[in-house]
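Each chain is listed here by its residues.
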Amino acid sequence: MAKIATLKLPESECELPILEGSEGERAIDITKLRAQTGYVTLDNGYMNTGACTSNITFLDGEKGILRYRGIDIAELAEKSNFMEVAYLLLNGNVPNNKELKGFEQKINSFGQTPQALQKMIAAYPRNAHPMGVMSSLISSLSAFYPELLDQDLSVEKREQVSCLVLKQIQVLSAAFYRHSVGKEKIESNAQLDYASDFVHQMFGEVDETVARAIDVLLILHADHEQNCSTSTVRMVGSSKANLFATISAGISALWGPLHGGANQQVVEMLEQIQAAGGGYKKFLEEVKDKSSSTRLMGFGHRVYKNFDPRAKLIKKAADDVLTRLGVQDPLLDIAKGLEEEALKDEYFVSRKLYPNVDFYSGIIYRALGIPTNMFTVMFALGRMPGWIAQWKEMVEDPSMKICRPRQIYTGAQLTSFHRP
Ligand code: SDX
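Let me sum up the structure you'll find in this document. Model, not experiment: these values are computed from the prediction.

Moving on, we get to the site of the ligand. Lining the immediate environment of the ligand, one finds 24 residues, of which His224, Lys290, Arg295, His301 and Arg310 sit closest. A distance of 2.7 Å separates an oxygen atom of the ligand from a polar side-chain atom of Arg295. Protein burial of the ligand: of its 1,100 Å² of free accessible surface, 78% is covered by the chains. Class assignment for the residues of the shell around the ligand results in 10 nonpolar, 7 polar and 7 charged. If you count residues domain by domain, the shell around the ligand takes at least three from each of domain 2 (71-250 + 371-395) and domain 3 (262-368).

What follows is about the sheet that holds strand β3 (residues 26-28). Taken in spatial order, the 3 strands of this open sheet run β1-β2-β3, and their pairing is antiparallel. The sheet is open, and its two edges are formed by β1 (4-8) and β3, each paired on a single side. Going across the sheet, the axis of each strand differs from the next one's by a mean of 30 degrees, ignoring polarity. With 5 bridges connecting them, β1 and strand β2 (residues 13-20) associate as antiparallel partners. Each bridged residue has a counterpart across the sheet, and for Lys8 the counterpart in β2 is Glu13.

Before going further, it helps to examine the side chain of His259. Residue position: His259 is located in the loop between α11 (243-255) and α12 (262-275). Given the relative accessible area of 15%, His259 is considered buried. For His259, the side chain forms a polar contact with the side chain of Ser229, separated by 2.8 Å.

Under the criterion given, the structure shown has 22 salt bridges. Close ionic contact of Asp152 with Lys240 constitutes a salt bridge, the shortest N to O distance being 2.9 Å. With Asp152 in the loop between α6 (130-140) and α7 (155-180) and Lys240 in the loop between α10 (228-237) and α11, the pair connects residues that are 88 residues apart, well separated along the chain. We classify Asp152 as exposed; its relative accessible area is 53%. Across the salt bridge formed by Arg158 and Glu396, the nearest N and O atoms sit 3.4 Å from each other. Within this pair, whereas Arg158 is found in helix α7, its partner Glu396 is found in the segment after α18 (375-395), the two being separated by 238 residues in sequence. A relative accessible area of 13% means that Arg158 is categorised as buried. Via salt bridges that share partners, Arg158, Lys392 and Glu396 belong to a single interconnected network.

Of note, Arg178 is situated in helix α7. Not counting the four nearest positions on each side in its chain, Arg178 is found in contact with Lys183, Glu184, Lys185, Ile186, Gln201, Met202 and Phe203.

Read from one edge of the open sheet, 3 strands run β4-β5-β6, paired in antiparallel fashion. Either end of the sheet is taken by a strand with one partner, and the two such strands are β4 (57-60) and β6 (71-72). In this sheet, β6 lies alongside strand β5 (residues 65-68) in antiparallel orientation, the contact comprising 2 bridges. The residue of β6 that forms the bridge with Tyr68 is Ile71.

Criteria and thresholds
- One numbering rule holds for all chains: residues counted from 1, following each sequence as written.
- Residues qualify for local features only when their pLDDT is at least 70, as the model is predicted, and side-chain atom pairs are given and counted only at 80 or more; totals for whole chains, interfaces and linings, by contrast, use all residues.
- To get the side-chain values, take all heavy atoms of the structure and skip hydrogens and water.
- Here a residue counts as near a molecule or strand whenever at least one of its heavy atoms sits within 4 Å of it.
- In protein, a polar contact means a hydrogen-donor-capable atom and an acceptor-capable atom, both N or O and within 3.5 Å, with residues adjacent in sequence counting only if both atoms are side-chain atoms; elsewhere, any N or O pair within 3.5 Å suffices.
- Every accessible area reported is derived by Shrake-Rupley at a probe size of 1.4 Å, with residue values counting cover from the shown protein chains alone.
- Three classes are used, and their members are as follows: Ala, Val, Leu, Ile, Met, Phe, Trp, Tyr, Cys and Pro are nonpolar, Asp, Glu, Lys and Arg are charged, and the others, Gly among them, are polar.
- Per the annotation, domain bounds derive from an automatic or database assignment of domains.
- A pair of strands is treated as paired once DSSP finds two or more bridges between them.
- Under the DSSP-based scheme used, a helix requires at least four consecutive residues in state H or I and a strand at least two consecutive residues in state E, with every element numbered from the N terminus.
- Helix axes are fitted only over the stretch in contact, all axes being lines through C-alpha atoms; the angle between N-to-C directions runs from 0 to 180 degrees.
- Throughout this description, buried means an accessible area under 20% of the type-specific maximum (1.4 Å probe, protein chains only), exposed means over 50%, and partly exposed covers the range between.
- A pair is scored as a salt bridge if a Lys or Arg side-chain nitrogen falls within 4 Å of a carboxyl oxygen belonging to Asp or Glu.
- Contacts are residue-level and defined by heavy atoms, with any inter-residue pair within 4.5 Å sufficient.

Here is the structure:
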């Protein structure tokens, strides 16, 4: 028997169905609220609003749980690799050897960038922020694949465009990096796995430790249910815009410092603390001072009110990678000091502010030789299969509707036009 919620309004009552997810999350289905009552709901920042049902990723913010298709990310980070995880997110099952090989071959078949895009890369200033470049280049791919722009792609073409974007974000980001440091582009090597091929295209040689660290970081960033950039992908994709435009929008949303851009902000924050003598206690006083807009970047999360499970895994990976590479980074000690101090400070404890995915990731990227302004591109590289999986789940849903929220108008009432 479906459970019902009864809403008492000043002038009426209405009954609304209660929906329960496979992990016990419950929602009041308000699909018919306006038709039944004339009311809409208002929810600044969608803090209490579910935009969709999804089978892809489950996270529990109170318990610090994150699973892709039911598998815990710690197990995937330890036992799997990024291409297996990308397949899992896109198709719902861990691929067998034949499926994985076919998937990788299809992705690698898109390793060539159109000549015109390579000229575009050369035309960008070397100090352009790579997120702005990636957003425009991914959208520009639409000019070269008109056959992949149909509003209702076949299953085969959907798979094609997905594999194309998964490959091109890797190739284009490495190609822009090489341009930004004044070096020749390095062509993709299809004999290498995805992470190793990225390292190869970035730096030439492939260090095992570096490639495996990047593989794990890509896995940990691969999806995170309805975060800001994924919701942007769903919003844009719901108008039946093509995948190039949809992903370009996701990249733009991720760029924001409150979202994926935080990993770059964290390292810049740590560098500022270091330059000021390393006094992180003084910095935390500034963060707690309501008159200052300073935030402890890499801390806090809309959903996690406990440790972000990814932050724990990335912190451990940071220790491992820096030790293995013989890198001593004072910023890691400052980050650890900040975390230790914040976790016993009432300001952070009372607001349930813990390290999130962005707090330690930049430390590893630095040790791997990746420049700070590429950190958020690394986030986009990892999140690509998640964005595409969420887009695919939405466009394959026959009940998909264009996303169009309502509002409560608070502006001027009817008035006539008068020139002052
Ligand atoms: C990502 O959603 C996802 O899943 C995102 C993500 C993913 O994988 O896709 O996990 C990736 O975006 C991680 C978050 C990266 N952003 C940062 O690290 C930026 C720093 N963090 C914050 O700006 C903030 O915590 C947010 C944006 C992450 C969440 O903000 P909310 O949920 O809107 O909370 P809020 O801004 O309303 O803060 C609530 C209170 C406020 O204090 P009061 O007004 O109650 O006194 O907590 C304070 C805030 O001032 N607060 C912080 C803080 N974060 C929140 N104070 C100092 N430093 C911080 N980092």
